[in-house]
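# Fold and contact review
These are the residues of each chain, in order.
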Protein chains: 2
Amino acid sequence: MKRVLIIGAGGVGRVVAHKCAQNEDVFSDIWLASRTKSKCDQIALEVREKTGRKIETAAVDADNVPELVELIKQVKPFMIINVALPYQDLTIMDACLETGVHYLDTANYEPLDEAKFEYSWQWAYRERFEKAGLMALLGSGFDPGVTNVFSAYMQKHHFDSMDYVDILDCNGGDHGYAFATNFNPEINIREVTSNGRYFENGEWVETAPMQFKKQFDFEQVGPKNMYLLYHEEMESLSVNLKGVKRMRFWMTFGDAYLKHLEVFRNIGLDSIEPIMFGDREIVPIQFLKALLPDPASLGPRTVGKTNIGVIVKGFKDGKPLSRYIYNICDHQECYKETNAQGVSYTTGVPAMIGAMMMIQGHWMKAGVYNMEEFDPDPFMAALNTHGLPWTDIETDIDVDALPE
Amino acid sequence: MKRVLIIGAGGVGRVVAHKCAQNEDVFSDIWLASRTKSKCDQIALEVREKTGRKIETAAVDADNVPELVELIKQVKPFMIINVALPYQDLTIMDACLETGVHYLDTANYEPLDEAKFEYSWQWAYRERFEKAGLMALLGSGFDPGVTNVFSAYMQKHHFDSMDYVDILDCNGGDHGYAFATNFNPEINIREVTSNGRYFENGEWVETAPMQFKKQFDFEQVGPKNMYLLYHEEMESLSVNLKGVKRMRFWMTFGDAYLKHLEVFRNIGLDSIEPIMFGDREIVPIQFLKALLPDPASLGPRTVGKTNIGVIVKGFKDGKPLSRYIYNICDHQECYKETNAQGVSYTTGVPAMIGAMMMIQGHWMKAGVYNMEEFDPDPFMAALNTHGLPWTDIETDIDVDALPE
């Protein structure tokens, strides 16, 4: 039993707080901090109503290392669960090193001023964490996170060689708006309008945005168009999974969603370059953000399911084999349990489980690690008991043979 | 030969200035005034280059009656050609009454703060113009304007009864942008997103925006989708044409154009209600306007043609008859002649011709009048000689039988 400090009070922070509170045998005390303390207090209130447990709250500017250090010294947690903005990973890691506490996050560091996310910045902390006897667990959300663990589980239990790995991410949720984004629109739109990339024969192959499309009938969701994107779990998996010939990531987008993005692009509404408006400069994508519904308001009105999984094609005992592991999650069930919809839930639950793995000692080693570097079995077991049950089947689905 | 004062230095004002300058036998002196004198000076420079004629320029706020009166007293024109904003029709009419000069415009008055345009405000000036011995000619553009004259010409020369009147407005121009508007985007978008309306059996029938669609193959443009809209010439034609059973107005829009408008509507980007952005209010449609290309910049890059006409179905000497009168206009030809594209040209030329009719005495009568109330023949002859030649044919086109 240990004390944790959660930093970040958005949708994911809300889920982490609820799930930690549900597991008193692991998380003895819970602190929740963010720039705006009132958001933490609101979550603490909701957690108290649902679980009867008390959460301590605090205000902290996660861009500011001395301020973080002061808070950590006051709270004295075993570890920090960082679910703040990706821009803030490094300052929080610095503060962990200075105060001697363990670290976990769900998304890799991304500089504020360029559309570039990769692990290099955080992997550079390896030696410092090792020397300090501290552990940093990177990317403990769903994807990255659970998809890495699914892949590691396939490698441990099913395959001698994993030749083709396809990660399939489907959000079949419907919020009833013509257009809205499930998280910060700036980050969401940036992800979708960037070039795609996949890993093949030891190299990265770049694609145009949305260049490759497949139709797939997702269980309990139905047929969807999915598009090849770059996604961050592939960076570490390409290093840590052995002998993979090709790895791709696919995400579903509806035609209406893409139509809106196309129009934004056509008129420059998604631009991060300021334009003159009257006597002052305005960044168009920030004005777009002001027009769109607040992502936090989508929870109560989102219905439908998410279905995220990994399909692997390879060999076992000399015979060809294809397997599929996936999770299906219902937006309204998530909302009933944690006042947050499925996209926050599927990220927040694995963050809690990652912390649980570290506290219980299943995963505890000084250094900086990605999810697939540990034994997947205790994590997989915890998914089943904490709200994200999975299915593991042999499959005849051939992603390459899917219609375009 | 008379002196005219043109008010308004947008695309239409530019065309009117060029066309008046080309007809020195009618327009002895030309003055051009607008809020921004530098725009007038630029047009004067271009006119001088093309025709060798000098245009006098002045600054005037057309919202301000005393300022207008002062300018008119200084210039002492025979008449004013008003091609400023529709919001300014009434102040300019007031100034004409006060100074004793004739008046012409191309679009009816519309209050700034509501999406409502109709002739009632201007028709209310009838008695005052009659008493003053002055004439006001309303709507002397293409539509309204030439379409009214086409209708009057049909009535005078071809039909005993005009039962079904369809006005078809096609702009087949391509400016090469994914989205741009040919004139002020605020007014353009407001027109398209309003409910439609047509005249049938003595009554107005309201439709949803874009509710009725037909496919039509426009000569020299090609097949286009056209949509039923309300358009202002129908208000006066429904009063002045006798015995019309049904009158409709159709305008073409491309699928891409409509897709953009739909997205604007979905996210509220076309809204005239301010939203909070940071510490101040911004009206979304004004931000949209700042994002879009300046309509004045479209001229040099617009290629293709406009095709606008009137199809009438009725009876002559007891026999059924259908006729079609239309004009085709080439954007690049217009630009070569007047540095403005076809949408400005087809409005500006009829404004000049309307003024010519009044100066030459073909159309001169104290009061407030619409175009179809005068003999169409001299106007029709002038269209042929001043850049907007028309075709008048018997037709077997049945608008009701067109595919949807």
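From a predicted model like this one, the values you see are computed outputs, not experimental measurements.

## Observations regarding the packing of helix α13 (residues 342-359) of chain A against helix α14 (residues 376-385) of chain A
All names here are of chain A. Where α13 contacts α14, the two axes come as close as 10 Å, and the packing angle between them is 135°. Between α13 and α14, the angle is such that the two are oblique. Crossing handedness for the pair α13 and α14: right-handed. On the side of α13, the interface is formed by Pro350, Ile353, Gly354 and Met357, while α14 contributes Pro378, Phe379, Ala382 and Leu383. Grouping the amino acids of the contact of α13 with α14 by side-chain chemistry returns 7 nonpolar, 1 polar and no charged.

## Here's the deal with the pairing of strand β6 (residues 135-138) of chain A
Residues and elements named next belong to chain A. Residue alternation in β6 divides its side chains into two sets, Met135 and Leu137 and Ala136 and Leu138, and both sets are buried. Pairing of strand β5 (residues 102-105) with β6, which is carried by 2 bridges, proceeds in the parallel orientation. In the strand pairing of β6, Tyr103 is matched with Ala136. As paired strands, β6 and strand β17 (residues 367-370) are joined by 4 bridges and run parallel to one another. Across the sheet, residue Leu137 finds its bridge partner in β17, namely Tyr369.

## A word on unusual backbone geometry
Residue and element names in this part refer to chain A. Cis geometry marks the peptide bond from Asp143 to Pro144; its omega dihedral reads 10°. One non-glycine residue, Gln220, adopts positive backbone phi at about 65°. Topologically, Gln220 is positioned in the loop between β10 (213-218) and β11 (222-229). One non-glycine residue, Asp317, lies in positive phi territory at about 50°. Within the fold, Asp317 resides in the loop between β15 (305-316) and β16 (319-330).

## Describing the environment of Ile92 of chain A
All names here are of chain A. Its place among the elements puts Ile92 in helix α4 (residues 89-99). For the pair Ile92 and Ile80, spaced 12 residues apart in sequence, the C-alpha separation works out to 8.5 Å. Filtering out sequence-adjacent residues up to four positions away, Ile92 remains in contact with Ile7, Ala62, Leu68, Ile80, Asn82, Ala84 and Tyr103.

## Examining the nonpolar core
By size, the foremost hydrophobic cluster in this structure holds 187 residues, and its most contacted members are Phe27 and Ile81 of chain A together with Phe27 and Ile81 of chain B. Contact partners of Ile81 of chain A, with chain neighbours within four places excluded, come to Val4, Leu5, Ile6, Ile7, Val16, Cys20, Leu104, Ala351 and Ala355 of chain A.

## Some words on the relation of the copies chain A and chain B
Mapping chain A onto chain B calls for a screw motion: a turn of 180° about the axis and a shift of 0.1 Å along it, with 0.0 Å RMSD after fitting. The symmetry that links the two subunits is that of a two-fold axis. Residues of chain A ranked by C-alpha distance from the rotation axis are headed by Val263 of chain A, positioned 3.6 Å from it. Interface overlap between copies: 100% of the residues of chain A at the interface are likewise at the interface in chain B, consistent with a symmetric, same-surface contact.

## Some words on the interface of chain A and chain B
In this complex, chain A contributes 24 residues to the contact, which on the side of chain B involves 24 residues. Carbon and sulfur atoms make up 75% of the area that chain A and chain B hide from each other, which totals about 2100 Å². For the chain A face of the interface with chain B, the top three residues by lost area are Ile267, Phe277 and Phe287 of chain A, together amounting to 31%. Connecting chain A to chain B are 4 salt bridges. Glu262 of chain A is the partner of Lys259 of chain B in a salt bridge, and the nearest nitrogen-oxygen pair spans 2.8 Å. Inspection of the region where chain A meets chain B yields 4 residue pairs in polar contact (both at pLDDT 80 or more). At the level of secondary structure, the elements contributing two or more residues to the side of chain A that touches chain B comprise α10 (255-267), β13 (275-277), β14 (280-282) and α11 (284-291) of chain A. Take the side of chain A that touches chain B: its biggest share by element is 7 residues, from α10 of chain A. Looking at the side of chain A that touches chain B residue by residue, the classes come out as 16 nonpolar, 4 polar and 4 charged.

## So, the state of the cysteines
A full pass over the atoms with the stated rule returns 0 disulfides over all chains. Considering cysteine sulfurs only, Cys334 of chain A is the nearest to Cys329 of chain A, which forms no disulfide, with 3.2 Å between them.

## Details of the sheet that holds strand β3 (residues 56-59) of chain A
Residue and element names in this part refer to chain A. Ordered by their spatial adjacency, 7 strands build an open sheet running β3-β2-β1-β4-β5-β6-β17, and the pairing between neighbours is parallel. Only two strands of the sheet have a single neighbouring strand rather than two, namely β3 and β17. The average undirected angle you get between the axes of adjacent strands in this sheet is 20°. As paired elements, strand β1 (residues 2-7) and strand β4 (residues 79-82) share 4 bridges and run parallel to each other.

## Brief notes about α14 of chain A
Residue and element names in this part refer to chain A. When α14 is considered as a whole, its buried residues turn out to be Pro376, Pro378, Phe379, Met380, Ala382 and Leu383. The elements touched by buried residues of α14 are α7 (146-157), β16, α13 and β18 (390-394). The N-cap residue of α14 is Asp375: its side-chain oxygen and the backbone nitrogen of Asp377 are 3.1 Å apart. Immediately downstream of α14, the backbone of Gly387 shows phi near 110°, a positive value.

## What to know about the sheet that holds strand β17 (residues 367-370) of chain B
Residues and elements named next belong to chain B. Taking strand neighbours across the sheet as the criterion, the 7 strands line up as β3-β2-β1-β4-β5-β6-β17 in an open arrangement whose pairing is parallel. Strand pairing shows two members of the sheet lacking a second neighbour, β3 (56-59) and β17, which therefore form its edges. Neighbouring strand axes in the sheet, compared pairwise and without regard to direction, differ in orientation by 20° on average. Where strand β2 (residues 27-34) meets β3, 4 bridges bridge the pair, whose relative direction is parallel. Residue pairing for β3: Ala33 is matched across the bridge by Ala58. Lying on the sheet, helix α2 (residues 37-51) is in contact with β2 and β3; it crosses β3 at an angle near 165°.

## Here we look at the domain arrangement of chain A
Residues and elements named next belong to chain A. Along its sequence, chain A is organised into domain 1 (2-137) and domain 2 (146-339 + 390-401). Each of domain 1 and domain 2 has a C-alpha centre, and the two are 25 Å apart. Contacts between the two partners involve 21 residues from domain 1 and, on the opposite side, 11 residues from domain 2. The partner of Lys19 in a salt bridge is Glu337, with the nearest N and O atoms 2.6 Å apart. If you look at where domain 1 meets domain 2, you find 6 residue pairs in polar contact (both at pLDDT 80 or more). Elements represented by at least two residues in the side of domain 1 that touches domain 2 include exactly α1 (11-22), α2 (37-51) and α5 (120-123). With 5 residues, α1 is the single largest residue contributor to the side of domain 1 that touches domain 2.

## Examining the side chain of Thr147 of chain B
Residue and element names in this part refer to chain B. Positionally, Thr147 belongs in helix α7 (residues 146-157). On the accessibility criterion, Thr147 (0% relative accessible area) is buried. If we skip the residues at most four places from it in the chain, Thr147 touches Phe142, Ile167, Glu233, Ile308 and Val310.

## As for the environment of Asn195 of chain B
All names here are of chain B. Within the element layout of this structure, Asn195 appears in the loop between α8 (185-193) and β8 (196-200). Here the alpha-carbon distance between Asn195 and Phe379, two residues 184 residues apart in the chain, equals 32 Å. Among all residues touching Asn195, those that are not within four sequence positions of it are Glu206, Thr207, Ala208, Pro209 and Tyr230. At 2.8 Å, the side chain of Asn195 and the side chain of Glu206 are in polar contact.

## What to know about the confidence of the model for chain A
Here chain A averages 94 in pLDDT, and 99% of its residues register 70 or above. Model confidence for the complex: the whole-complex pTM is 0.78, and ipTM, which rates the interface, is 0.76.

Rules used in this analysis
- Within each chain, residue numbers correspond to sequence positions counted from 1 in written order.
- Key to labels: chains lettered from A, ligands numbered from 1, both in the order written.
- In keeping with the predicted nature of the model, local features appear solely for residues at pLDDT of at least 70, side-chain atom pairs appear and are counted solely at 80 or more, and the whole-chain, interface and lining totals rest on all residues.
- Hydrogens and water are ignored here; the side-chain numbers use all heavy atoms of the structure.
- Axis definition: a line fitted to C-alpha atoms, over the contacting stretch in the case of helices. Angles run 0 to 180 degrees between N-to-C directions.
- Under the DSSP-based scheme used, a helix requires at least four consecutive residues in state H or I and a strand at least two consecutive residues in state E, with every element numbered from the N terminus.
- When an angle is under 35 degrees it counts as roughly parallel; over 145 it counts as roughly antiparallel; between 65 and 115 it counts as roughly perpendicular; any other value is oblique.
- A clockwise turn of the near helix away from the far one marks a right-handed crossing, whereas an anticlockwise turn of less than a right angle marks a left-handed crossing.
- A contact between two residues is defined here by any heavy atoms of the two lying within 4.5 Å.
- Any residue that is not Ala, Val, Leu, Ile, Met, Phe, Trp, Tyr, Cys, Pro, Asp, Glu, Lys or Arg is counted as polar, Gly included; the first ten are nonpolar and the last four charged.
- Each residue is placed in one exposure class: buried if its accessible area under a 1.4 Å probe, protein chains only, is under 20% of its type's maximum, exposed if it is over 50%, and partly exposed if it falls in between.
- Two strands are counted as paired when DSSP detects at least two bridges linking them.
- Within this scheme, the nonpolar core is defined by two criteria: the residues are buried Ala, Val, Leu, Ile, Met, Phe, Trp, Tyr or Cys, and they are joined through side-chain atoms within 4.5 Å.
- Here the copies are matched by least squares. The fit uses the C-alpha atoms of residues with pLDDT of at least 70 in both.
- Note: buried area is the sum, over both parts, of the accessible area (probe 1.4 Å) each one loses when the two are combined.
- By convention in these notes, a salt bridge is any Lys or Arg side-chain nitrogen within 4 Å of a carboxyl oxygen on Asp or Glu.
- Under this definition, polar contacts are N or O atom pairs within 3.5 Å; protein pairs additionally need one hydrogen-donor-capable and one acceptor-capable atom, and for neighbouring residues in sequence, both atoms have to be side-chain atoms.
- Two cysteine sulfurs form a disulfide in these notes if their separation is within 2.5 Å.
- As annotated, the domain borders come from an automatic or database domain assignment.
- The pLDDT value tells you how sure the predictor is about a given residue, anywhere from 0 up to 100.

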